[in-house]
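The chain contents come next:
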Amino acid sequence: MKKLFILLFCLTIVSSCWTSTSDTATKTFEWTWFNINIPSSWINVESKDIPNPQNGKIELALTSSEISTWFANNMVILSEELKEVTDSKWYAITNYLRTTWSVLEFIKLNETNFNFIDKDEGKMYTFEAKYNTETPKRKFIQTAKVCDKKAYLITIGISLDITDVSKYENLLKSFECK
């Protein structure tokens, strides 16, 4: 989990300093193994610009071009091959627990049961945390989706001053296996 927060922090560093775009309009991102709605203005972060996670593989890393207090909203999707069969809800719960142990100043804001677009049951968490003492506290929205024997951990990092997270939750709910 620490690697995930390093990754999210690095996405902030490699972002440009524009301030005129919005996270409101969306488009469908189609990948070999999944589809997900993403903000139209967000840009892909090249793999050479981000650290490799300790566990899993980076499937997608996006960042907003909008900067607020040296931070850009961003999304990271990590994948992991599963050794045991599990479901999306259980995988989300397990990763949430790992996250609570690996960050500083953790504050749980919300926990929600929901259905993905394909009716698979999911669990979503909203929380505030810091990666370490040097990084600023941010708000995170996280869920997971299991597709056969592959799990995807999907995390969106946003500014603390964003109070209505529903549009980001809707992005996560749109995740669909192919």
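Rules behind the numbers
Residues numbered from 1 in each chain as written. Predicted model: local features only at pLDDT ≥ 70, side-chain atom pairs only at ≥ 80, totals over all residues. Heavy atoms only, no water. Helix = DSSP H or I, 4+ residues; strand = E, 2+ residues; numbered from the N terminus. Buried < 20%, exposed > 50% of the residue type's maximum accessible area, 1.4 Å probe, protein only. Pairing = 2+ DSSP bridges. Polar contact = N/O pair within 3.5 Å; in protein donor to acceptor, adjacent residues only side chain to side chain. Phe/Tyr/Trp six-rings, centres within 6.5 Å; stacked < 30°, edge-to-face > 60°. Lys NZ or Arg CZ within 6 Å of the ring centre and 35° of its normal. Salt bridge = Lys/Arg side-chain N within 4 Å of Asp/Glu carboxyl O. Expected span 1.5 Å × (residues − 1). Arc of directions from axis to C-beta. pLDDT = per-residue confidence, 0-100. Contact = heavy atoms within 4.5 Å.

## Brief notes about unusual backbone geometry
With glycine set apart, most residues show a phi of negative sign, and most peptide bonds adopt trans. Even without being glycine, Glu105 reaches a positive phi, approximately 50°. Here Glu105 is to be found in strand β6 (residues 104–115). For Lys119, which is not glycine, the phi dihedral falls at a positive 80°. Here Lys119 shows up in the loop between β6 and β7 (121–130). Judged by relative accessible area, which is 63%, Lys119 ranks as exposed.

## Some thoughts on the sheet that holds strand β2 (residues 34–39)
The three strands are arranged β1-β2-β10 in an open sheet whose pairing can be described as antiparallel. Single-partner strands in this sheet number two, and they are β1 (26–30) and β10 (176–177). Here five bridges tie β1 to β2, and the two strands are oriented antiparallel to one another. For Thr28, the partnering residue across the bridge sits in β2 and is Asn37.

## Concerning the side chain of Asn73
By the element assignment, Asn73 lies in strand β5 (residues 71–81). Of the residues examined, Asn73 reaches a relative accessible area of 10% and is grouped as buried. At 3.3 Å, the side chain of Asn73 and the side chain of Tyr168 are in polar contact.

## Brief notes about the packing of aromatic side chains
In this structure the tally under the stated criterion is 13 aromatic pairs. Between Tyr96 and Phe127 the ring centres are 6.3 Å apart and the planes differ by 65°, which places this aromatic pair in the edge-to-face class. Of this pair, Tyr96 sits in helix α2 (residues 88–102) while Phe127 is found in strand β7, placing the two residues 31 residues apart along the sequence. Here the aromatic rings of Phe114 and Phe116 are separated by 4.8 Å at their centres, their planes lie at 65°, and the arrangement is edge-to-face. The residues Phe114 and Phe116 share a single accessibility class, namely buried. An aromatic cluster is built from Phe29, Trp31, Trp33, Phe34, Tyr152 and Phe175, whose rings are joined through pairwise contacts. Between the NZ or CZ atom of Lys145 and the centre of the ring of Phe116, over which it lies, the distance is 4.8 Å. Stacked on the ring of Trp33, the Lys or Arg Lys150 has its end atom at 4.3 Å from the ring centre.

## Quick word on the pattern of salt bridges
Under the counting rule described, the total for this entry stands at nine salt bridges. Connected via shared salt-bridge partners are Glu59, Glu81 and Lys150.

## Focus: α2
In this model, α2 (15 residues) spans 21 Å end to end at C-alpha, consistent with the 21 Å of a helix rising 1.5 Å per residue. For α2, the set of buried residues is Ser88, Tyr91, Ala92, Asn95, Tyr96, Thr99 and Ser102. Here the buried residues of α2 occupy an arc of 135° about the axis, which is enough to place them on one side. Exposed residues pointing more than 90 degrees away from the buried face of α2 are listed as Trp90 and Trp101. One side-chain oxygen of the residue at the start of α2 lies 3.3 Å from the amide nitrogen of Lys89, identifying that residue as Asp87.

## Looking at the confidence of the model for the chain
On average, residues of the chain score 86 in pLDDT, and 85% of them are at 70 or above. Confidence drops under pLDDT 50 across residues 9–21; counting only partners more than four residues distant or on other chains, this segment forms 35 contacts.

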